[in-house]
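Now for the letters of each chain:
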Amino acid sequence: MTPLLTLIAALSAVPLQASSEGSLPVRVTIWEGLTDTWKGEPLDGTPSDWFEAPALGFVQLPKKVNERGIEIDRKSPFALKATAPLRIPRGRHELVLRAKGWSRLLIDGEVVAETKPISANSSGHEEVPEPPPMTDPRRREIGSGDQETIVAWESDGEEHRVELLALLGARKLRPETGEMSVSVAATGELPTLIGPSRAWTLTDTSWRSYEKSEQARISQMDTTRRRLAASSQDFFWKTRHELAAREIAKALPAKDDGPKTIDEHVRDRLREAGRAPNPPIDDAAFLRRMSLDTIGCPPTAEEVAAFLADARPDKRAQMIDKRLADPRWADAWMGYWQDVLAENPGILKPTLNNTGPFRRFLFLALLDEWPFDRLVTELIRMDGSSLYGGPAGFGLATQNDAPMAAKAHVLAKAFLAADMKCARCHDAPAHPFDQSQLFALAGLLDGKAQVIPATSTVNSQAGGRQPAVSVSLHAGDKVPPAFDLADLAPSDTPSGMLGNAASSRERLAALLVSPRNTRFAKVLVNRLWSRFIGLGLVEPVDDWDGQEGLTVSHPALLDDLARAFVTSGYDLKHVARLILASQVYQAEAVGPPPAGASAEGRLFAGPVRRRLTAEQLVDSLFAAAGKELGSERLCVDPEGRRPPNEMLDLGEPTRAWQFASTANERDRPALSLPITQTFIDLMQTFGWRPARQDPITVREQTTTPLQPALLANGVVAGRVARLSDDSAFTELTLSAKNPSALVHALFLRTLSRPPSAGEWARMSSYLSDGFDDRVVLGAPMDLNRKPMRRVSWSNHLHPRATEIQLEEEKAARAGDPPTKRLQPAFRERVEDLVWALVNSPEFVYMP
Amino acid sequence: MNTGEINRRDLLKLAAASPLLLGAAPTPAASFAPRGTAEACIFLWLGGGAAQIDTFDPKGRGDGKKRPGCYYESVTTAIPGEKVCEHLGRVADRLDRCVLVRTLHHSVVDEHAAATNMLHTGRAVSGTITYPSVGSIIAHERGAAGEAVPAYVVIGYPNVSRGPGFLGAKYGYVYLTDTATGPSGLTPPIDVSAVRRARREALLEDLRGEFLAQHPGDPLIADFAAAGREAARLAGPTFMGAFSLDQEPAEVRASYGGEFGQRCLLARRLVERGVRFIEVSHNLNFLNGTGWDTHNNGQLRQHELIQELDAALAGLLDDLSRLRLLDRTLVVVATEFGRPAEFDSGGGRGHQSTAFSGLLAGGGLRLGRVVGVTDDLGKTIVDRPVSVPDFHATIYAALGTNPAKELETGGRPVPLTDHGKPISELFG
C-alpha cells in the first residue's frame, strides 16, 4: 500500500458522526476473519473498523469500502464488540438481550446472558414460530429470526461497564444484525436501550424511530467515508479529464462560426422545414415536468405555490440548479440504468440470468456525482461486493454459459449503441458485427480467450432447414481478447490514459470512454436528450448500426453536446442543464411521431409527449398522499438462515426503483410478498420489468386497458386515495378552512397546479356537502402496527405458513384502514375526488 | 395475418448482409403438417415437480425408505394394459379421453425457477432476449376468442416465466390468486359501492373532459382515455360474470371438488366466454405443506394432492364433454420436472428431469394412447422421448398454430419452438 492509501485507509476508519454534544458513548469495534465456532475468545490485534453509536441497538452496520470508495464485503464471520457505561438506580432490574446469532452480554467482565449460534436451514419444514407471550403489549415483538434472553440483575446504583459481543456472518449466512439490542427495565417498567439518553424504549414506535434515525446516521457515515476514500482518485480523474478536453478538441473540433445553442440548432432546422417552435409551457407545467425528470416526483404543494409567486425573471434557471443539486437526482435515474445495464437480482435461488444487486453501486455513483467515465470504468472493473450491491454484481449471470459475452453485449449496447445480440450466436445479419468481435470483447472482460459454448451457435438438424445466417465460429472455438470494432471506435487510446499495470478490464474501459472514441460521448448525450425530449437525435438510441444506418437529425448539435460533455469532465448534469434550460424542453409537447420517424421528421418543435414511467407514477402517487410505500422487505428469508447466493435481502423499498421480482416461480403462497406484489402489478402494467434478463432502453409504450384498470381498482391506487391516519390528504381535510381551500390544496398536491375557475367552483360545491360536520372529535388515530413476519424460508413448507400468507394477502387487498377522525360520508367524498384526480390522464402523462 | 413465411424482403436483406449464407431457408410452413382444431387451452400446472412414479407412470412398490418405487398401489385404466396411481381412479376411468406423455425430459439445472421457465418458454435463458410463455404465444397467435375478455388468464402467482417476454404487455396475462378474489385490477375494491363508483366516474369525466379539451388531437392521451373505457368493459359482466361460480348448479360445483377444482370450473367458464388460454396453478400447499415438491414429509400427504387433482381433472373432463367443449378445448397437465423412484432421508423424493410425465386431453387430438416408455424405475427413457419443445409444438399444433412459425424481435427471427416437432400420431 502506498503511504497515501495507508493514510486514506486510516482515515476511513475514523468515525465522523460525533454529535454536537460530543462523541457518542457506545463504542463499537469490528473484528474480521473469525471462525464459525468463535464464542468470545480474546480478540487479537486491532479491530478492522470502529465507530460509535447512541445506544446498544443495531439495525445495520457501516459499509466497508476499498481505496477507491467501492463497497466491499467484510471477511465473514466477524465479531461486533460494543461497550457502554450503565448507571441506574438501585434495585431489581431485568436485562433484555436480543440477537440473531451467537451473542454474549457481560457486565464488568462477567457473563450474564447469551444467545445461541444461528442455524442454517435449507429444508423449509420447520414450525412457524409463535410470537412469545408479551408481558406488555406495547413491547416490540422480537424480530424475525431473532432470539431473546432475559435475565434478572440487581443494580447497586454504581456505574458499570456493559459489553456486548456478537458473531455475524457465521455459516456463510448474511451478516445481518437483525434487531440486536440490549435494554434494561426496572420491574414493571418498559425496557430502555442501554445508552446515556435512555430515550429509546423497546416499544414498537420507539424502536421504529430509533431504526430510522440510525439508518440515516449510518448512511451519512457511509457517505462521508466513501467520499473520503474515493477522493484519493480525484487527481487521477482530473488529469484524465484535462487530457480528454485537449483530445476532444482535436477529435471533434468546433465549427468556425463557434458553437450554437440548442435552440439555435433546432430553430435552424425548423425554419428550413417552414415550421415554428411550439409555444412555451406555463410555470406550473414547467415545474412539474422538470421535477419529474430530475427528482422523479412532482414538486410539493408549497414549492408550486412559491414558484408561482416568485417574480424573479431567472426563476426557472434557479429552479433547474436547485433540482440538479437534489440528491433525488440519483433516484430519478435508477430505473433507466437498471434497464440499460440489465440489473436483475434474484431474491430466491437466482437461476434466470440474474446479476447481483449492483443497483447500490449505480445509486451511490449517481449520488456522489461521479463523472460518467469514472462510473463506467468502475462498472467494468467489477470489483467489490458481488451480492451486497457492489459493481462485482454486474459480473454475475446465473445459469448463463457465456456470462462475459452477455456483459459485453450489455456494455456495447449501453455505451456504444452497438447492438450485438445476434452476434451472441452467429455473425449478425443486419449489423456489422461478427460473433468473434463480441467474444473478443468478452475476452477483455474475462482476461482470457473465450471458448464458444454449444448453445451460442446455430444448429442445423439433419434434413432440417439450414440456418439463414452466416456462422463463422463453432462450439469449442477459441476467441482471443481484443477490442476490434473496426470503424466504430478506435482501438487505441491517447497516451497517458492508462498506467502500465492496467488490467484488460481497465483497458477495455479506457477504450470505451476514450475522448478519441467520440461515439461514447455522442451515445451518452443522445441518451440524455432522448430521456428529456422523448426522442433521440439518433434513433434507436441503443442501436445505431441497424438496417437504416446511422442518421442524425441534428449532427452539429450532437457534436456540440458531446464536446460539452467531455469538456465538462463527463458531467451529465452539465449537459442536462443545457437541455432543461432550452426552449425546446420548455415548450408545449408534441404528439408521438409515427413509428420509425426519419431523421428529417425529427424537428423538435417541442418535446414528445411522454407517459410517466412506472417509477415516476408510483413515487408521484405516494408523494401526493404523503405516505410511505409500506411494502415488505424484499426477502423471503427474513430470518437470515440461507446464504446470500441463494436468498438476498434487498430491504424495504422507499422509492419505486428499489422493487424487484418476487421470483415466485415456485408458485408457493407461503413465498408470496403480498404488498410488494401490488406494486409490481401496477408498475409492470406501466412498462417496468420486475426481471431484466436482457438490456433495453426504451420500454414498451403500448397503452393497455389494464393500465387505467389498475389505477382505478388496484390496491396501490386504492391506498393512495384512502384517507387513513398516515395520509396527508387526511390532514388537509381536517385542517382546511373551507371547501374552496381544500379543493385548492388537493389540486396542488396531486396535479401541481391550482384548479381552473370552473373546476374550483364545481369541486368546491361538491365538497361543501357535509364539510362543516366532517370532524369526529376525540376519535383515536389508528397507528397501523405491522405484525412481525413469522413466515420465512425455514418454515414455508409448513401448512401453517401458507395459511398465514393467504391471510396476509387478504389484509393487503383491504388496503390502509380509514381514519376515524372524519365522518365516513365526507371522508368518502374526499377519497372519491382524490381518486378522480390521480386517475385523470393529466396525472399519468408528463405535462 | 401471418403465414409463417419469411418474406422475400427479409430474405434479400439476409442474403445481402451475409455472403456466406449457408443456403436458402425453405419456408417453415412447408413442414407444418399436423394442424389441430382446438380453440382454447386449459393448462393445469403442478408446480413443484409432480412425481411421475406416484401419478401417471407407476412402477413396482417402494417402501418409503430404502427400496425405491411407487408410494401407492396402481389401478387399471380405460386404456387397456396401462395403469396409474390408485388415487387417480376417476381419471383412470377417463383415460380414453387423454394422452399420457411419459417421456418428457430436459437438462436444465435441477432448480424450480429454471425448470419452470423451461416448461413455460421452452428455452433456457440467454441474457439477450426474454422469451415469451406458451400462454403469451397463444395469445399472440390466436387472440381472444370472445369480445370484452382477455386472451390469457393465469390463476396463480405472476412471474416472468408466465409472461409475454419480448412480445410485450399486450400479450401478458390477467391473473388472480384464488377464485374468491377475482382478477387484480378489474375487481373494484369492496368498500366502493355502486353509488361511489358512479360518483367517481362522474368526477373523473369532469376532470378528464377538461384535460382532453385542452389537448385536442393528442393521440396518447386519447388512447389512455379510450383504454379506460375498455377497462370498464373488461370489468363488465361478460368477463367478470365468469367469476360468479355460485351461478353454477350445486352438483356441477361439487363434481369438481376443492379449491383446485373450483379453479378448473372457473377456467371452463372463461373458455365459454372466449378466453383463449388459461393457466391454472395447483398450488394448494396448505394440504401437505410442500405442494408437489414432495421432499421429506411432504410425501406423507401427497395423496391428498393427487386426489384433488383426480377430482378436478375428472370433473373438468366430464363437464367439458357434457357441454360439448372437450373436442375444441385442449387440456394440458404439466409440471417442471419429475421425481426419482428413490426416497430421501426424510421419506420424500428429490428432483428428476431425465424423465417425467405430462398429460393432454380433448382438443380434437387422437386420444386414448400413451406416448413413450420409461425403465423399471421411471428414470431412463426407453422409447419415444418427447422434448419440451416437442410438447409445446404439440400444443401449438393442436391449436392450429404452426410451431415452426417465426416471431420477430428487433430484427431477429425467433421460432415459436426450438426445433419442436408435434407428436405426429396425435393428429389426423
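Conventions and cut-offs
- Once a new chain begins, its residue numbering starts again from 1 and follows that chain's sequence as written.
- The order in which chains are written sets their letters, starting at A; the order in which ligands are written sets their numbers, starting at 1.
- Reporting in this predicted model follows two pLDDT cut-offs: at least 70 for local features of residues, and 80 or more for side-chain atom pairs to be given and counted; totals over whole chains, interfaces and linings ignore these cut-offs and use all residues.
- Hydrogens and water are ignored here; the side-chain numbers use all heavy atoms of the structure.
- Elements are defined by DSSP. Helices are runs of H or I of four residues or more, strands are runs of E of two residues or more, and each kind is numbered from the N terminus.
- In this setup the radius of gyration rests on C-alpha atoms only. A globule is expected at 2.2 Å times the number of residues raised to 0.38.
- With a 1.4 Å probe rolled over the protein chains alone, any residue whose accessible area is under 20% of its type maximum counts as buried; one over 50% counts as exposed, and the rest are partly exposed.
- Throughout, a contact is declared for two residues whenever any of their heavy atoms are within 4.5 Å.
- As a working definition, buried area equals the accessible area (1.4 Å probe) given up by two parts on being put together, with both sides summed.
- Salt bridges are identified by distance alone: a Lys or Arg side-chain nitrogen within 4 Å of an Asp or Glu carboxyl oxygen.
- Whenever two N or O atoms come within 3.5 Å, that pair is a polar contact, provided that in protein one can donate a hydrogen and the other can accept it, and provided that, for residues adjacent in sequence, both atoms are side-chain atoms.
- Each axis is a line fitted through C-alpha atoms, taken for helices only over the stretch in contact, and angles between the N-to-C directions span 0 to 180 degrees.
- Roughly parallel here means an angle under 35 degrees, roughly antiparallel means over 145, roughly perpendicular means 65 to 115, and every remaining angle is called oblique.
- Each crossing gets its handedness from the near helix: less than a right angle anticlockwise from the far helix is left-handed, clockwise is right-handed.
- Here, any two strands with at least 2 DSSP bridges between them count as paired.
- For patch detection, residues must exceed 30% relative accessible area and be free of salt bridges, and they are connected within 9 Å for like charges or within 5 Å for nonpolar side chains (Val, Leu, Ile, Met, Phe, Trp, Tyr).
- Areas reported as accessible are Shrake-Rupley estimates using a 1.4 Å probe. Residue values count occlusion only from the protein chains shown.
- His is not counted here, nor are the chain ends, while Lys and Arg score as positive and Asp and Glu score as negative.
- Charge placement uses NZ in Lys and CZ in Arg. For Asp and Glu, CG and CD serve respectively.
- Put simply, two rings from Phe, Tyr or Trp (the six-membered ring, in Trp's case) pair if the centres are within 6.5 Å, and we call them stacked under 30 degrees between planes, edge-to-face over 60, tilted for the rest.
- Here, over-ring charges are defined by two tests on the NZ atom of lysine or the CZ atom of arginine: distance to the ring centre within 6 Å, and angle to the ring normal within 35 degrees.
- Every residue gets a pLDDT, meaning the predictor's confidence in that residue, from 0 to 100.
- To form a nonpolar core, buried Ala, Val, Leu, Ile, Met, Phe, Trp, Tyr and Cys residues must be joined to one another through side-chain atoms within 4.5 Å.

Please clarify how the overall build of chain A should be interpreted in this entry.
Within chain A, the regular secondary structure consists of 26 helices and 15 strands. By the compact-globule yardstick of 29 Å for 847 residues, chain A fits well, its C-alpha radius of gyration being 29 Å. Judged by the C-alpha coordinates and their principal axes, chain A covers about 90 × 70 × 65 Å. By residue count, 61% of the 847 residues in chain A fall in the buried class.

What's the story with the interface of chain A and chain B in this structure? I'm lost.
Facing 83 residues of chain A, the contacting portion of chain B comprises 88 residues. With both sides pooled, the region where chain A packs onto chain B buries about 7,800 Å², and carbon together with sulfur makes up 59% of that total. Across the chain A-chain B interface, the total number found is 12 salt bridges. We note a salt bridge from D832(A) to R196(B), for which the minimum N-O separation is 2.8 Å. Put simply, chain A and chain B have 27 residue pairs in polar contact (both at pLDDT 80 or more) between them. Only α18 (674-685), α19 (706-713), α23 (757-768), α24 (799-814), α25 (824-839) and α26 (841-844) of chain A provide two or more residues apiece to the side of chain A that touches chain B. Here the side of chain A that touches chain B gets nine residues from one element, more than from any other, and that element is α25(A).

Looking at this structure, I do not really get the packing of helix α4 (residues 134-142) of chain B against helix α11 (residues 388-398) of chain B. What am I missing?
Each pair of packed helices can be described by the angle between their axes along with the distance between the axes. All names here are of chain B. Their axes nearest at 11 Å, the elements α4 and α11 cross at an angle of 30°. Considering the angle they form, α4 stands roughly parallel to α11. Where α4 crosses over α11, the two elements pack in a sense that is right-handed. Counting all contacts with α4, which are made through V134, I137 and I138, the residues of α11 involved are H392, I395 and Y396.

It is not clear to me how helix α21 (residues 728-735) of chain A should be interpreted in this structure. Could you clarify?
Each full turn of the α-helix corresponds to 3.6 residues, which orients residues three or four apart in the same direction. Residue and element names in this part refer to chain A. Restricting attention to buried positions, one finds in α21 the residues A728, F729, T730, T733 and L734. At its buried positions, α21 is contacted by α17 (614-625), α20 (715-721), α22 (739-751) and α25. You can read the cap of α21 off the contacts: a side-chain oxygen lies 3.0 Å from the backbone nitrogen of F729, and it is on S727.

Can you walk me through the pattern of salt bridges in this structure?
Under the criterion given, the structure shown has 106 salt bridges over all chains. We note a salt bridge from E242(A) to K238(A), for which the minimum N-O separation is 3.3 Å. With E242(A) and K238(A) both in helix α3 (residues 234-251) and four residues apart, this pair spans about one turn of that helix. A relative accessible area of 39% places E242(A) in the partly exposed class. Residues joined by salt bridges that share partners form a network here, namely R722(A), R827(A), E828(A), E831(A), D832(A), D191(B), R196(B), R199(B) and R200(B).

Sorry if this is basic, but what is going on with unusual backbone geometry here?
Residue and element names in this part refer to chain A. Following S76, the chain continues to P77 via a peptide bond in cis, the omega torsion being -10°. Within the secondary structure, P77 sits in the loop between β5 (71-72) and β6 (78-87). Following E539, the chain continues into P540 via a peptide bond in cis, with omega recorded as -15°. Its identity is not glycine, yet E369 carries a phi of approximately 55°, on the positive side. As for its placement among the helices and strands, E369 is situated in the loop between α9 (359-367) and α10 (372-381). Taking the relative accessible area as the measure of exposure, E369 reaches 49% and is therefore partly exposed. Phi angles above zero are rare outside glycine, and F604 is one such case at about 60°. Mapped onto the elements of the fold, F604 is located in the loop between α16 (572-580) and α17.

Help me out: how do you make sense of the sheet that holds strand β8 (residues 103-107) of chain A in this one?
In a beta sheet, neighbouring strands pair by backbone hydrogen bonds and run either parallel or antiparallel. Residue and element names in this part refer to chain A. The strand order across the open sheet built from six strands is β2-β1-β6-β11-β8-β9, with neighbouring strands paired in antiparallel fashion. Since the sheet does not close on itself, it has two edges, and those belong to β2 (49-53) and β9 (110-115), each with one partner. In this sheet, neighbouring strand axes are inclined to one another by 20° on average, regardless of whether the strands run parallel or antiparallel. Where β8 meets strand β11 (residues 159-168), five bridges bridge the pair, whose relative direction is antiparallel.

Whenever I open this one, a negative patch on the surface confuses me. Can you help?
All names here are of chain A. On the surface, D108, E110, E154, D156 and E158 cluster together into a patch of negative charge. By secondary structure assignment, the location of D156 is in the loop between β10 (147-155) and β11. By relative accessible area, which is 35% here, D156 ends up partly exposed.

Looking at this structure, I do not really get the side chain of D222(A). What am I missing?
Tracing the backbone through its elements, the reader meets D222(A) in helix α2 (residues 204-230). Apart from residues no more than four positions distant in its own chain, D222(A) is found in contact with P62(A), K63(A) and R360(A).

How do you make sense of the packing of aromatic side chains when you look at a structure like this?
Given two aromatic rings, their pairing is described by the distance between the two centres and the angle made by the two planes. Residue and element names in this part refer to chain A. Applying the stated criterion across every chain yields a total of 33 aromatic pairs over all chains. Between F361 and W370 the ring centres are 6.3 Å apart and the planes differ by 75°, which places this aromatic pair in the edge-to-face class. The exposure classification of F361 matches that of W370, with both residues buried. Clustering of aromatic rings is evident, with ring pairs tying together W329, W333, Y336, W337, F372, F415, F520, F532, F565, Y570 and Y585. Across from the ring centre of F307, 4.9 Å away, lies the NZ or CZ of K315, which sits over that ring. Against the face of F394 rests K407, its NZ or CZ located 5.2 Å from the ring centre.

Before we go on, may I ask you to explain the confidence of the model for chain A in this structure?
Detailed conclusions should not be drawn from predicted coordinates in areas where pLDDT is low. Mean pLDDT for chain A: 92, with 95% of residues reaching 70 or above. In this model, residues 1-22 of chain A is a region of pLDDT below 50 whose contacts with residues beyond four sequence positions or in other chains number 25 contacts.

Hey, could you run me through the pairing of strand β1 (residues 26-31) of chain A in this one?
The two faces of the sheet receive side chains in turn, since in a regular strand these alternate between them. Residue and element names in this part refer to chain A. By the criterion of burial, β1 is predominantly enclosed, with five of the six residues buried. Relative to β2, β1 is paired through five bridges, and the arrangement is antiparallel. In the strand pairing of β2, R27 is matched with E52.

What exactly am I supposed to notice about the nonpolar core here?
Looking at soluble globular proteins, one finds that nonpolar side chains tend to be buried together. Residue and element names in this part refer to chain A. Formed by 115 residues in total, the largest nonpolar core has its most connected members in W337, L341, F372, F415, W529, F532 and F565. Every residue in contact with F415, bar those within four places of it in the chain, is listed here: W337, L341, F372, V376, L379, R519, F520, V523 and L524. Residues L621, M647, W688 and A712 belong to the second largest nonpolar core, which totals 70 residues.

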